[in-house]
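One letter stands for each residue in the lines below.
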Amino acid sequence: MTRCITLFSCGFLSVFTASAVVAADQPLQFETDVRPILKAHCFHCHGDEEEHEANLDLRLVRFMLAGGDSGAALVAGQSASSLLAERILSGEMPPGDIKLSDQERQTILKWIDDGANTIRPEPETLSSDSPWTEEERNFWAFKPVQRPSVPVVHHPETVGNPIDAFLLAKLEEQNLAFSPAAERETLIRRVYFDLIGLPPSPERVAAFVNDDSPDAYERLVDELLDSPVHGERWGRHWLDVAGYADSDGYTEKDNPRLWAYRYRDYVIRAFNDNKPYNEFIIEQLAGDELLAPPYKDLTPEQAEKLIATGFLRMAPDGTADGGVDQDVARNDVIAESLKIVTSSLIGMTVGCAQCHQHRYDPIAQEDYYRIRAIFEPAYDWKNWRVPNGRLVSLWSPADFEQDAKVDAEVKEVSDRRSKELDDIVTEIFNNEVAKLDESLRELAKAARAADADKRTPEQLQILKDHPSLNVDRGSAYLYEPKKLNEFNKQFDDLMKETQAKRPALDYVACLTEVPNQVTPTHFFYRGDLKQPRQEISPGDLSVLDWLAADIPANNAELPTTGRRLAWANHLVNGQHPLTARVFVNRLWMHHFGRGIVSTPADFGFLGERPTHPELLDWLADEFVRSGWNIKAMHRLMVTSTAYRQSSYRTDALQEADPDNKLLGRMSVRRLEAEIIRDAALSVSGNLTAKLYGPSIGVAPDDVGQVVLGSGMRDGNGILIGTAAALGREQFRRTVYIQERRSMPLGVLEPFDLPNVAPNCDRRTPSTAAPQALLMMNNDVVLKQAEQFAQRVTVDAGDDRTAQITRAWQLAFSRSPTPSELTQSLEFLAAQEQDFSALPPPEKDKPAPQPALMALSTLCQALLCSNQFLYVE
């Protein structure tokens, strides 16, 4: 709900300004100019509910003319005599802190004075679950995708592919054109970071710059798309919108998700393998429904489909914590999961209709529960399964057989240990008996043999008088410590040896249904789970009723209900107006720095309108025609003239299009937090090229900063689970580092990590002092700068000019200018002189190396520079 309220408070002007700015001599209309204002501010009391405040319904003009308890709400043509105008002007309505803007008030007053006009005759009745106007139904995002003709432009020689024609047509309307092509060094760095998230090597830059063949760039693009690290780059983008995390969140415990990494690896593989996007969606929404329970003895291909449903297990989940209100926590999981699904796949804020009709978009509260009903059988809040209760083992029959065999061996070892320990105890007892007077020995043995509750007074007394006779398994160590130590070590070793034969645990965190267990979905009045109303059937958004969604309540041909599978197929049937538009818009956003729709998770009335609607539809249609081929869309975008152009700002472009919405130049973009770290590891020569596998752990260090490591400490409390203990694992790409919601990695945190609450539809880069402070002082950065300098020394030798040139090429993919070279030589000379003047080190400490230390400071300066942190 907080998310919805935030949208309300900040979105009024952006939604209504366009409709309110109308020429004074043009009559305003209810449907286009006034209804959106009343819907946002007033319908929740005077329209959406079963009972209307003061019996006044504002959803139709004739309802307002009829009025409520206080009489007619308006008099057409006379705002001064209209109760609606009076209440609005007095500030009495709407109640609460959020009031109408002056512009909105004036719009309503003018509409009344114009005669309270409607575009068309109003309906006799309003459907409670689909009360949409023609204007809402015809909103651009809900209309079918239509492939437009490619525009004819005045300068076709600059058109590389149809993308350019659409962009250039808009530019030419403003007497603008594309900027000149970017220099080759700039272009290769740009496309490397865009497609694989790493800088090119100096050798690859030189090869591209010197390649005169006409298809040199296209071959470079194909090379990068075929790279196994392409999936690491683009998988990270999808993990943002999926809300990926390696922990449950919700409570302070933030329990780790040990098996979440399998979903991360699935996503990376999907992008590497160019899995068609329609299959990608179907597997994530309903991979389990493509299989048959109970999900045993799965092939790798079958396991992948089950792993894909980890998408539906990414929302915060506190239900494993006994201290939470279980009913609330369970329903929160479902609500947050629906937000992830709908914002990522169809770009709509469906979650804002959980408690009431959506204030801005044509999304009924019934729509929300129709979509919830699609997922209800799997989540099933009435028969809840905690996170670990939803794990499915990937063991093969042979693994289960081996596990049972180990269980038998463990029992055999345990039984043998018990028997031999009993023999030792008996031996100790006999030794203690031998120490007694001969007259007491038989009584002691009889006391030992008798059941505790049947001992005679004499037997009890002798055991009391001689406590050493009470030896048992637990106290034997006190009599024979050396012997027991050897005994325990022998059997402990025999047990780590036996247990080692057990197959490694292998689980998948997924979403599945329990066959023949279907809990009905009820409409929660005002979103209150304690106020269930009518039962709701599964379905899609009612505003899209022109596109029939056949979602069965229970598919008799499947062992599961088939609801999620049916909806997934509906989304990718090639006719859904949102699925393809939303995804190609995301691709565009990551390539050009801004989406054609700049609000990628909100294609509704509060979202921004597309800057190039025809281009968006052309791309969406092309995507479907290509067989939902993601790499084909990458190739199309990055080989366009628009993508290859310079980022240089001219006065004409700056004046006509300061935000670069028309793309008359390439936008400059800052690297994301993870890519900054990856790039630093790359230029220092440390990056470990290992794909997939369990996440690398994070934990607080001795000062509380979150660093790589297990966090393990020895008996003295000294931290031993450090990054150094990880070896080369510490230098893997950041996508493989554990994402604990409560413990973001310290070296990344200032650079705008995604806030997965529940997911991140786009990152908003900031510029703040902590970023510069971290780059100047963080131990990780300093260490990478040192190793960067060592690499440069190995590559270039001791010649300072060669060192500077090599450092520039590694960091910026270009050689330094004469001015930069001169300044760097002067800097190194001054730094080396300063380091040489330092006092000698303490005894047994290594002698300083002023030349290397000076080079390290230069390398650090390069890592801190905008040229390193940004892509032109």
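Above this text sits the structure in question.
Residues numbered from 1 in each chain as written. Predicted model: local features only at pLDDT ≥ 70, side-chain atom pairs only at ≥ 80, totals over all residues. Heavy atoms only, no water.

K.L.:
For the overall build of the protein, give the residues involved together with the corresponding values.
P.N.:
From N to C terminus, the protein includes 34 helices and 8 strands. If you line up the protein on its principal axes, its C-alpha atoms span 125 × 80 × 55 Å. In the protein, of all internal contacts separated by at least 6 residues, the share reaching a separation of at least 24 is 70%. Within the protein, the 130 negative side-chain charges are centred at a point lying 3 Å from the centre of the 92 positive side-chain charges. (Helix = DSSP H or I, 4+ residues; strand = E, 2+ residues; numbered from the N terminus. Contact = heavy atoms within 4.5 Å. Lys, Arg positive; Asp, Glu negative; His and termini not counted. Charge placed at Lys NZ, Arg CZ, Asp CG, Glu CD.)

K.L.:
Run through the pattern of salt bridges, naming residues and quoting values.
P.N.:
By the definition in use, this model includes 63 salt bridges. A salt bridge links Asp102 to Arg105, with the shortest nitrogen-to-oxygen separation between them at 2.7 Å. Here the residue Asp102 and the residue Arg105 both occupy positions in helix α5 (residues 102-113), the gap between them amounting to 3 residues, near one helical turn. Overall, the relative accessible area of 19% leaves Arg105 in the buried class. Across the pair Asp215 and Arg219 runs a salt bridge whose closest N-O atoms are separated by 3.2 Å. (Salt bridge = Lys/Arg side-chain N within 4 Å of Asp/Glu carboxyl O. Buried < 20%, exposed > 50% of the residue type's maximum accessible area, 1.4 Å probe, protein only.)

K.L.:
I'd love a proper account of empty space enclosed by the protein, names of residues and values included.
P.N.:
Considering all chains together, one arrives at 3 cavities of 30 Å³ or more under this definition. The space that makes up the largest cavity amounts to roughly 90 Å³. Looking at the lining of the largest cavity, the elements that each hand over two or more residues are α11 (230-242) and α23 (579-592). Looking at side-chain class alone, the lining of the largest cavity contains 6 nonpolar, 2 polar and 1 charged residues. By volume, the second largest cavity is sized at about 50 Å³. In terms of lining residues, the second largest cavity is bounded by Glu232, Arg233, Arg236, Glu674, Ile675, Asp678, Arg733, Thr734 and Val735. Of all elements in the fold, only α11 and α28 (673-684) reach the threshold of two or more residues within the lining of the second largest cavity. Its residues assigned to classes, the lining of the second largest cavity shows 2 nonpolar, 1 polar and 6 charged. (1 Å grid on protein atoms, 1.4 Å probe; cavity = no way out; pocket = protein on both sides within 12 Å on 5 of 7 lines; lining within 4 Å. Points joined across faces, edges and corners; volume = space filled by probe spheres on them. Nonpolar A, V, L, I, M, F, W, Y, C, P; charged D, E, K, R; others polar.)

K.L.:
Account for the layout of surface pockets, with residues named and values stated.
P.N.:
Taken as a whole, the largest pocket spans an internal volume of roughly 1100 Å³. Taken together, 44 residues line the largest pocket, and the ones lying closest to its centre are Met589, Gly593, Arg594, Arg669 and Pro765. Residue assignment for the lining of the largest pocket shows that the elements contributing at least two residues are α8 (184-195), α11, α23, β5 (669-670) and β8 (870-871). Class assignment for the residues of the lining of the largest pocket results in 15 nonpolar, 13 polar and 16 charged. Approximately 670 Å³ is the volume attributed to the second largest pocket. Around the second largest pocket, the lining is made up of 31 residues, and of these Val707, Ala723, Asn778, Asp779 and Val780 lie nearest the centre. Going through the elements one at a time, α28, β7 (706-708), α29 (769-777) and α30 (779-796) are the ones with two or more residues in the lining of the second largest pocket. The biggest single contributor to the lining of the second largest pocket is α30, with 6 residues. Class assignment of the residues belonging to the lining of the second largest pocket gives a composition of 20 nonpolar, 7 polar and 4 charged.

K.L.:
I'd like to hear about the nonpolar core, residue by residue, with values.
P.N.:
Trp238, Leu285 and Leu619 are the most contacted members of the largest nonpolar core, which totals 180 residues. Discounting residues that sit within four places of it in the chain, Trp238 has contacts with Tyr263, Val267, Phe271, Tyr277, Phe280, Gln284, Phe311, Leu345 and Phe583. (Core = buried A, V, L, I, M, F, W, Y, C linked by side-chain atoms within 4.5 Å.)

K.L.:
Explain the side chain of Glu376 to me, using residue names and the numbers behind them.
P.N.:
Locating Glu376 in the fold gives a position in helix α16 (residues 365-379). Owing to a relative accessible area of 2%, Glu376 belongs among the buried residues under this scheme. Separated by 2.9 Å, the side chains of Glu376 and Thr521 make a polar contact. Setting aside anything within four residues of it in sequence, one finds Glu376 in contact with Ile334, Trp381, Thr519, Pro520 and Thr521. (Polar contact = N/O pair within 3.5 Å; in protein donor to acceptor, adjacent residues only side chain to side chain.)

K.L.:
Go over helix α17 (residues 397-434) with me, naming the residues and quoting the values.
P.N.:
With 38 residues, α17 ought to run about 56 Å at 1.5 Å a step, and its terminal C-alpha atoms sit 56 Å apart, in line with that. Residues of α17 that are buried: Asp403, Val406, Val410, Val413, Leu421, Ile424, Val425, Ile428, Phe429, Glu432 and Val433. Summarising the contacts, the buried residues of α17 are in contact with α18 (438-449), α20 (476-479) and α21 (481-499). (Expected span 1.5 Å × (residues − 1).)

K.L.:
With reference to specific residues and values, describe the packing of aromatic side chains.
P.N.:
Under the definition given, this model contains 32 aromatic pairs. Ring geometry for Tyr266 versus Phe280: centroids 6.0 Å apart, planes at 15 degrees, classification stacked. Of the two residues, Tyr266 sits in helix α12 (residues 261-272) while Phe280 sits in helix α13 (residues 277-286), which places them 14 residues apart along the sequence. Taking relative accessible area as the criterion, Tyr266 reaches 2% and is therefore assigned buried. Here Phe280 falls in the buried class, since its relative accessible area comes to 1%. The structure contains a cluster of three or more aromatic residues connected by ring pairs, namely Trp238, Tyr263, Tyr266, Phe271, Tyr277, Phe280, Phe311, Phe583, Phe623 and Trp628. A cation sits over an aromatic face here: Arg533 above Tyr525, 4.1 Å from the ring centre. Between the NZ or CZ atom of Arg732 and the centre of the ring of Tyr736, over which it lies, the distance is 4.1 Å. (Phe/Tyr/Trp six-rings, centres within 6.5 Å; stacked < 30°, edge-to-face > 60°. Lys NZ or Arg CZ within 6 Å of the ring centre and 35° of its normal.)

K.L.:
Account for unusual backbone geometry, naming residues and giving values.
P.N.:
With an omega of -5 degrees, the peptide bond running from Met93 to Pro94 counts as cis. In this structure, Pro758 follows Ala757 across a cis peptide bond, with omega equal to 0 degrees. Tracing the sequence through the fold places Pro758 in the loop between β7 and α29. Notably, Tyr250 is not glycine yet its phi reads approximately 75 degrees, a positive angle. Summarising the element assignment, Tyr250 is placed in the loop between α11 and α12. Tyr250 gets classed as partly exposed once you look at its relative accessible area, which sits at 38%.

K.L.:
Give a description of the packing of α29 against helix α33 (residues 850-864) that names residues and reports values.
P.N.:
Two packed helices can be described by the angle between their axes and the distance between those axes. Relative to each other, α29 and α33 sit at 155 degrees, their axes nearing to 9 Å. In terms of their interaxial angle, α29 and α33 are classed as roughly antiparallel. Two packed elements cross with a definite hand, and for α29 against α33 that hand is right-handed. Between α29 and α33, the residues in contact are Met775, Met776 and Asn777 and Gln860, Leu863 and Cys864, respectively. Here the residues of the contact of α29 with α33 sort into 4 nonpolar, 2 polar and no charged. (Axes fitted to C-alpha atoms, helices over the stretch in contact; angles between N-to-C directions. Parallel < 35°, antiparallel > 145°, perpendicular 65-115°, else oblique. Left-handed = near helix turned anticlockwise from the far one by under 90°.)

K.L.:
Quick rundown of the environment of Asp407? Include the residues and the values.
P.N.:
When you line up the elements, Asp407 lands in helix α17. The exposure class of Asp407 is partly exposed, given its relative accessible area of 40%. Along the primary structure Asp407 and Pro841 are separated by 434 residues, whereas in three dimensions their C-alpha atoms are 59 Å apart. In terms of polar contacts, Asp407 uses its side chain to reach the side chain of Arg502, at 2.9 Å.

K.L.:
Would you mind going over the side chain of Arg670 in detail, with residue names and values included?
P.N.:
When you line up the elements, Arg670 lands in strand β5. Classification of Arg670 as buried rests on a relative accessible area of 13%. A polar contact of 2.9 Å, which involves the side chain of Arg670, links it to the side chain of Asp752. When near neighbours in sequence (up to four residues on either side) are disregarded, Arg670 contacts Phe751, Asp752, Pro765, Ser766, Gln771, Leu869 and Tyr870.

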